[in-house]
2 protein chains.
Amino acid sequence: MKKAVVLVSGGLDSATTLALAKEQGYACYAISFDYGQRHRCELEAARQVAEMAGVVEHKLIRMDLNSIGGSALTDSSIDVPQQPAEGIPVTYVPARNTVFLSFALGWAEVLGAEVIFIGVNAVDYSGYPDCRPAYITAYEKMANLATRAGVEGSGIHIQTPLIHLSKAEIIQQGMRLGVDYASTVSCYNPDAEGLACGRCDACRLRAAGFEAAGVPDPTRYQAGAR
Amino acid sequence: MKKAVVLVSGGLDSATTLALAKEQGYACYAISFDYGQRHRCELEAARQVAEMAGVVEHKLIRMDLNSIGGSALTDSSIDVPQQPAEGIPVTYVPARNTVFLSFALGWAEVLGAEVIFIGVNAVDYSGYPDCRPAYITAYEKMANLATRAGVEGSGIHIQTPLIHLSKAEIIQQGMRLGVDYASTVSCYNPDAEGLACGRCDACRLRAAGFEAAGVPDPTRYQAGAR
C-alpha cells in the first residue's frame, strides 16, 4: 500500500484532504503542528479527524513560532481582524506552510512516502502567498533537490486536491466521503471552549461555503456570534 | 544598516559565514536550532561564536527532529560512521536544511531582512543533497513565492559565500577575519565534554582543511582520537 503524509490542521480543508487521500488508496500518516497558535483547540480537532479517518500514525510536532511572531495567530498583541482587508492579512504566519511542509518532507523521506497532501486552496482563501499553485510547484522542485528521496529515490510529489475548488465544492467532496465537519475547527479566534467567533476571515469563508453548498452549517458558534 | 539572518550551528563553516556576513556590512541576526542532535554541545559553541561576532540577536529555536529520526545525528540507535561511505551518508538528516532555512525565512520576513546566509559547501562536504547550488537556487525561488517579502516586498536572497570554497580556503577566510576556530565544534560524535572524536566525516574534513591551509588545528580532541 502506497504511503502518504497528510498535513492535518483540524480545519475543514485538511479534513477533506485526508478523506481524498484515503479515497486514492493511500496509507495515510497525519502530521499536525503545535506552533503556539492562538487557536490551539484545532489540535484536539486534528486528533479527532485523524482518528476518525483511521490514519496509520498521527504525529504532533511542537515548535515555537511565537518567538518569531509577526502574525495575529502567533503574537497575542496583534488582534485577529473582524473584517476582510486588502492584500495579505495580518493572520498570515511568515513561512508557515514552508515550515510545515519541510517537517512533512523529512517524515515522508523516513517513511518512504512518495506523496505529501496539503489542503491549500487558492479560490476561497485569505490571500496567503503560500497557498498558490506557483508556490507549491516551486516547493516540490526544491524538495526533490533537497532530499535523498529526490536524488536517489523516486521523488516526492506534493498533492493539493483542493487548490482549485471553491469552499462549497470542498464541502461537497467531504460530504460525499462522510467527513464529520462538526469535529473540525476553522476559527482563528475561538473562545476557551473552542466555539467559533463567526467574524474572522476563516469563519466567514467557512459559513459562506456551507451556505453555497446547501449544507447545514454544523459549526459550534459562540453565543451571539452570528 | 541592512539586516541579515545567519544560520549559526557552532561549526567551522557557519562561524566563517557569520564573519563574512559582518564583513559585507550586515547587521547580523543569528539563528540556531536545538533539534535533538547528538552533538548538542555545538549549541554552546554557537552561543560563543554569535557573541564574539557581536550579533544583534541570537535566537535558539527548539524543535523535535528525533521523533522523525532517520539519521545517525537524530536517532541514537544509528551509529555515526567512522569511515567515509559511498553515496549520501547516514548522518544526512532528512530535510534538515529545508527546515532550518524555513525558520530563518519566517524570521527574515518579520525582521525585514533581505538576506539569509547559510554556510553550505559543495566541495569538502559529506555529500548531503541540501548543500548543493541547485538546491539553494530552488529554495530561493520557492521562498520568494512563499512570503509577503517575496510577493509585496523586495524579495529574499540566500547567500552561500562558502559554497564553492575548499575547506582550506574557508579556514583561510576565517583566519583573515579573526574567527576563533577553537570555539567551534564540528564533530558529529563528541564526548560529554565536547571533545572531538577525530574519526567521523566532519572531523576528517575539518582536520584535512587545517592541514591543507597550513594552520595549526585548534580542535580539542578526545584522548587517543588521532
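Trainee: Would you take a moment to explain the overall build of chain A for this structure?
Mentor: Broken down by element type, chain A carries seven helices and five strands. In chain A, the succession of α and β elements from N to C terminus is β-α-β-α-β-α-β-α-α-β-α-α. A globule of 226 residues ought to have a C-alpha radius of gyration of about 17 Å, and chain A, at 17 Å, matches this closely. Seen through its C-alpha atoms, chain A measures out along the principal axes to roughly 55 × 40 × 30 Å. Sorting the 226 residues of chain A into buried and exposed places 53% on the buried side. A sequence separation of at least 24 residues applies to 70% of the contacts in chain A between residues at least 6 apart.

Trainee: Mind showing me how you'd approach the relation of the copies chain A and chain B here?
Mentor: Two chain copies here: they are related by a rotation about an axis and a translation along the same axis. Of the transformation superimposing chain A on chain B, the axial component is 0.0 Å and the angular component is 180°, with the fit at an RMSD of 0.0 Å. The superposition of one copy onto the other is thereby described by a two-fold rotation axis. Of every C-alpha in chain A, the one belonging to A:Met63 sits nearest the axis of rotation, 2.5 Å from it. Most of the interface of chain A is mirrored in chain B, where 100% of its interface residues are also at the interface.

Trainee: Whenever I open this one, the nonpolar core confuses me. Can you help?
Mentor: One recurring pattern in soluble globular proteins is that nonpolar side chains are buried together. Of all hydrophobic cores here, the largest spans 148 residues; its most connected members are A:Val6, A:Ala104, A:Ile116, B:Val6, B:Ala104 and B:Ile116. Ignoring any residue separated from it by four or fewer positions in sequence, one finds B:Val6 in contact with B:Thr17, B:Leu18, B:Ala21, B:Cys28, B:Tyr29, B:Ala30 and B:Phe117.

Trainee: Quick question: what am I supposed to make of the interface of chain A and chain B here?
Mentor: It is common to give the size of an interface as the accessible area that goes away when the parts come together. Taken together, the contact pairs 39 residues of chain A with 40 residues of chain B. Looking at the side of chain A that touches chain B, the elements that each hand over two or more residues are β3 (57-62), α3 (96-111), α4 (133-146) and α5 (148-151) of chain A. It is α3(A) that provides the largest number of residues to the side of chain A that touches chain B, a total of ten residues. Taken together, the residues of the side of chain A that touches chain B sort by class into 21 nonpolar, ten polar and eight charged.

Trainee: I tried to follow the pairing of β3(A) on my own but got confused; where do I start?
Mentor: A regular strand places its side chains on the two faces of the sheet in alternate fashion. Residue and element names in this part refer to chain A. Here strand β2 (residues 27-34) runs beside β3; their pairing, made up of six bridges, is parallel. Paired with Asp34 across the two strands is Arg62, which belongs to β3. The parallel pair β2 and β3, bridged by helix α2 (residues 42-53), forms a crossover whose chirality is right-handed.

Trainee: How should I be thinking about the packing of helix α6 (residues 167-176) of chain A against helix α7 (residues 201-213) of chain A in this particular structure?
Mentor: In helix packing, the relevant descriptors are the interaxial angle and the interaxial distance, both defined with respect to the helix axes. Residues and elements named next belong to chain A. Relative orientation of the contacting elements α6 and α7 amounts to 70°, with a least axis distance of 8 Å. Relative to α7, α6 is oriented roughly perpendicular. Crossing hand, α6 versus α7: right-handed. Contacts from Lys167, Ala168, Ile170, Ile171 and Gln172 of α6 reach α7 at Leu205, Arg206, Ala208, Gly209, Phe210, Ala212 and Ala213.

Trainee: Please explain the environment of A:Ala21 as it appears in this structure.
Mentor: Residues and elements named next belong to chain A. Assignment of secondary structure puts Ala21 in helix α1 (residues 12-23). Taking the number of C-beta atoms within 10 Å as the measure of exposure, Ala21 has 25 and is therefore buried. Distance from Ala21 to Met175, taken between C-alpha atoms, is 15 Å for residues 154 residues apart in sequence. Look past the residues within four positions of Ala21 in its chain and what remains in contact with it is Ala4, Val6, Tyr26, Cys28 and Phe117.

Trainee: What is the right way to read the sheet that holds strand β2 (residues 27-34) of chain B from this model?
Mentor: Where strands meet in a sheet, backbone hydrogen bonds hold them as pairs that are either parallel or antiparallel. Residue and element names in this part refer to chain B. Read across the open sheet, the five strands follow the order β3-β2-β1-β4-β5; overall the sheet is parallel. With one partner strand each, in any of the chains shown, β3 (57-62) and β5 (157-159) form the two edges of the open sheet. Strand after strand, the sheet turns through a mean of 25° between neighbouring axes, direction not considered. As paired elements, strand β1 (residues 3-7) and β2 share five bridges and run parallel to each other. When the sheet's bridge partners are listed, Ala4 is paired in β2 with Cys28. Across the sheet, helix α1 (residues 12-23) touches β1, β2 and β4 (115-117), and the angle it forms with β1 is around 170°.

Trainee: What is the right way to read helix α6 (residues 167-176) of chain B from this model?
Mentor: One full turn of an α-helix is made of 3.6 residues, so residues set three or four places apart face in the same direction. All names here are of chain B. Listing the buried residues of α6 in full gives Lys167, Ile170, Ile171 and Gly174. What you see down the axis of α6 is that its buried residues fit within an arc of 95°, all on one side. Each element contacted by the buried residues of α6 is listed here: α1 and α7 (201-213). Count one or two residues on from α6 and you reach Gly178, which has phi positive near 80°.

Trainee: It is not clear to me how the environment of B:Pro129 should be interpreted in this structure. Could you clarify?
Mentor: Mapped onto the fold, B:Pro129 is located in the loop between β4 and α4 (133-146). Judged by the 20 C-beta atoms lying within 10 Å of it, B:Pro129 falls in the buried class. Each C-alpha atom of the pair B:Pro129 and B:Arg220 lies 29 Å from the other, and the pair is 91 residues apart in sequence. Discounting chain neighbours no more than four positions away, the residues touching B:Pro129 are A:Leu145, A:Ala146, A:Thr147, A:Arg148, A:Gly150, A:Val151, B:Ile88 and B:Tyr135.

About the thresholds
- Residue numbers run consecutively from 1 along every chain, following the written order of its sequence.
- All chains are assigned letters beginning with A, and all ligands numbers beginning with 1, in the order in which they are written.
- Note on the predicted model: pLDDT of at least 70 is required for a residue's local features to be given, and 80 or more for side-chain atom pairs to be given and counted; whole-chain, interface and lining totals, by contrast, use all residues.
- Numbering of helices and strands runs from the N terminus, with a helix taken as a DSSP run of H or I at least four residues long and a strand as a DSSP run of E at least two residues long.
- Every radius of gyration here is taken over C-alpha atoms, with the globule rule written as 2.2 Å times N^0.38, N being the number of residues.
- A residue is called partly exposed when the number of other C-beta atoms within 10 Å of its own lies between 12 and 20, exposed at 12 or fewer, and buried at 20 or more, with C-beta atoms placed from the backbone.
- A pair of residues counts as a contact when their C-beta atoms, built from backbone coordinates, are separated by no more than 7 Å.
- Residues reaching a pLDDT of at least 70 in both copies supply the C-alpha atoms on which the copies are superposed by least squares.
- Connectivity within a nonpolar core runs through C-beta atoms within 7 Å, and the core itself is a set of buried Ala, Val, Leu, Ile, Met, Phe, Trp, Tyr and Cys residues.
- When residue character is reported, Ala, Val, Leu, Ile, Met, Phe, Trp, Tyr, Cys and Pro are called nonpolar, Asp, Glu, Lys and Arg charged, and the others, Gly included, polar.
- Think of it this way: DSSP has to see at least two bridges between two strands before they count as a pair.
- The path from the first strand over the helix to the second decides the hand: if it runs clockwise while the strands point away from the viewer, the crossover is right-handed.
- Orientation is described by lines fitted to C-alpha atoms, with helices fitted over the stretch in contact, and by angles between N-to-C directions that extend from 0 to 180 degrees.
- Convention used here: angles under 35 degrees read as roughly parallel, angles over 145 as roughly antiparallel, angles from 65 to 115 as roughly perpendicular, and any remaining angle as oblique.
- It is the rotation of the near helix from the far one that decides the hand of a crossing: anticlockwise by less than a right angle makes it left-handed, clockwise makes it right-handed.
- The directions considered for the arc run from the helix axis to the C-beta atoms.

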